[in-house]
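What follows is the residue order along each chain.
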Amino acid sequence: MADRLKGKVAVVTGAGSRGPGVGNGKAAAVLMAREGAKVLCVDLHDERAQETVDLIKSEGFEASVFGADVTRQESCRSMASAAVERYGRIDILQNNVGIPSRQTLADITEDEWDEHFVVNVRSMVMAAQSVVPHMIAAGGGAIINLSSIAAVRAYPATSTAYTVSKSAAMGLTVALAGQLGQHRIRVNAVAPGQVFTPLVAERLDEEGRQRRATSGLIKDEGNAWDIGWASVFLASDEARWITGQTLLVDAGISVTIPGGGIATLPPQRL
Ligand code: NAD
């Protein structure tokens, strides 16, 4: 399939990757470009976004870098203006920026708590606020917020602030869907499961990677491309009647019962 986003303009925040390989923002930017969108690749670190743009351009598609801290209202306004100046409109916003947390309930500090809500939630609000007038001018649009399996399943104890911020991303999705539906702007969330990306690679040994890779019902390791395809779908007109939803892309972890249920039926009874 190709051209599912032909003629559209996408803004992807956190479009670089923090380490070697491909993270969720980078994958979404690349896949959206391959599907015909012109992509503004936004990142705090220009050189990270540049790697994504280089990859997109090497394949003959269109993208450019915009360096910005998307936790700041003024930076988000400049980001939206740059997209319109360069490409004429905005149809898609992927709110990808997010950072993991490291403190348990006992350890959590005011600063760590606030930082997670600024980076993981305020960034989404500021970016959406800045692009929405341009989406209305374009006749509609699609916003995709990155949540996490951590929002709906108990996670390592250190993820106190992360878990709550990713639940907030789901709440924000519902709130904005309610406000923006009248403008034909759809707002959905993607909640990745235990995918292997540069964000987790730096904190995992080989045993941990294997454990995560086989933690779902599908025993293949998930990656950022699996998450990016969900974003492409939600950004495309194929999802024109879907709004306010969170799509869990998690190999089925969210529907498993830890420890298993009762014994399975013998094959002849199935
Ligand atoms: P990543 O860390 O590789 O890339 C994110 C990029 O965001 C980085 O390049 C970073 O420079 C940029 N960034 C950070 N703060 C910024 C700011 N204030 N302004 C602009 N850019 C900023 O991460 P990724 O793989 O692209 O995925 C991130 C998203 O996916 C997060 O929201 C994360 O919570 C979510 N997620 C990841 C996993 C996983 O296993 N990898 C699982 C669930 C959810």
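Residues numbered from 1 in each chain as written. Predicted model: local features only at pLDDT ≥ 70, side-chain atom pairs only at ≥ 80, totals over all residues. Heavy atoms only, no water.

Caption draft 1: Focus on the packing of helix α1 (residues 24-34) against helix α8 (residues 224-235). At a minimum axis separation of 8 Å, α1 and α8 run at an interaxial angle of 50 degrees. When the axes of α1 and α8 are compared, the pair comes out oblique. Viewed along their axes, α1 and α8 form a crossing whose handedness is right-handed. Contact with α1, carried on its side by N24, A27, A28, V30, L31, M32 and R34, involves A224, W225, I227, G228, W229, S231, V232 and A235 of α8 and no other residues of that element. Residues of the contact of α1 with α8, tallied by class, amount to 11 nonpolar, 3 polar and 1 charged. (Axes fitted to C-alpha atoms, helices over the stretch in contact; angles between N-to-C directions. Helix = DSSP H or I, 4+ residues; strand = E, 2+ residues; numbered from the N terminus. Parallel < 35°, antiparallel > 145°, perpendicular 65-115°, else oblique. Left-handed = near helix turned anticlockwise from the far one by under 90°. Contact = heavy atoms within 4.5 Å. Nonpolar A, V, L, I, M, F, W, Y, C, P; charged D, E, K, R; others polar.)

Caption draft 2: View of the side chain of Q103. One can find Q103 in the loop between β4 (92-95) and α4 (110-138). Assessed through its relative accessible area of 18%, Q103 is described here as buried. (Buried < 20%, exposed > 50% of the residue type's maximum accessible area, 1.4 Å probe, protein only.)

Caption draft 3: Quick look at α8. Over its 12 residues, α8 runs 16 Å from end to end, which matches the ideal 16 Å to within 8%, given 1.5 Å per residue. When α8 is considered as a whole, its buried residues turn out to be A224, I227, G228, A230, S231, V232, L234 and A235. Contacts from the buried residues of α8 go to α1, β4, β5 (141-146), β6 (185-192) and β7 (246-249). Looking at where α8 begins, the residue whose side-chain oxygen comes 2.9 Å from the main-chain nitrogen of W225 is N223. (Expected span 1.5 Å × (residues − 1). Polar contact = N/O pair within 3.5 Å; in protein donor to acceptor, adjacent residues only side chain to side chain.)

Caption draft 4: Summary view of the nonpolar core. V11, L40, V42, M79, L93 and I143 are the most contacted members of the largest nonpolar core, which totals 33 residues. If you list the elements that add at least two residues to this core, you get β1 (9-13), β2 (38-43), α3 (73-87), α4, α5 (160-180) and β6. Residue contributions to this core peak at 8 residues, all from α4. Here I143 is in contact with L93, N95, A128, V132, M135, L180, I185, R186, V187 and N188, once residues within four sequence places are set aside. In terms of nonpolar packing, the next biggest core, distinct from the first, is built from 29 residues, V30, L31, M32 and I56 among them. (Core = buried A, V, L, I, M, F, W, Y, C linked by side-chain atoms within 4.5 Å.)

Caption draft 5: Main features of a nonpolar patch on the surface. Together, L217, I218 and V255 make up a nonpolar patch on the protein surface, roughly 320 Å² of accessible area in all. Using a relative accessible area of 53% as the deciding quantity, one classes L217 as exposed. (Patch = residues over 30% accessible without salt bridge, like charges linked within 9 Å, V, L, I, M, F, W, Y side chains within 5 Å. Areas by Shrake-Rupley, 256 points an atom, 1.4 Å probe, with all protein chains shown as cover. Salt bridge = Lys/Arg side-chain N within 4 Å of Asp/Glu carboxyl O.)

Caption draft 6: Summary view of the side chain of T13. Within the secondary structure, T13 sits in strand β1. The residues touching T13, leaving out its near neighbours within four places in the chain, are V42, V70, M79, L93, Q94, N95, N96, V97 and A127.

Caption draft 7: Molecular detail of the packing of α3 against α4. Axis separation between α3 and α4 bottoms out at 8 Å; the angle between their running directions is 35 degrees. By crossing handedness, the relation of α3 to α4 is classed as right-handed. Side by side, α3 and α4 meet where Q73, C76, R77, M79, A80 and V84 of the first sit next to M126, A127, Q129, S130, V131 and H134 of the second. Of the residues that constitute the contact of α3 with α4, the class distribution is 7 nonpolar, 4 polar and 1 charged.

Caption draft 8: Seen up close, unusual backbone geometry. Even without being glycine, R184 reaches a positive phi, approximately 60 degrees. For R184, the location among the structural elements is in the loop between α5 and β6. With relative accessibility at 62%, the residue R184 sits in the exposed group. One non-glycine residue with positive phi stands out, namely A251, at about 55 degrees.

Caption draft 9: Highlighting a negative patch on the surface. A cluster of acidic side chains, namely E110, D111, D114 and E115, defines a negative patch on the protein surface. Structurally, the position occupied by D114 is in helix α4. (Lys, Arg positive; Asp, Glu negative; His and termini not counted. Charge placed at Lys NZ, Arg CZ, Asp CG, Glu CD.)

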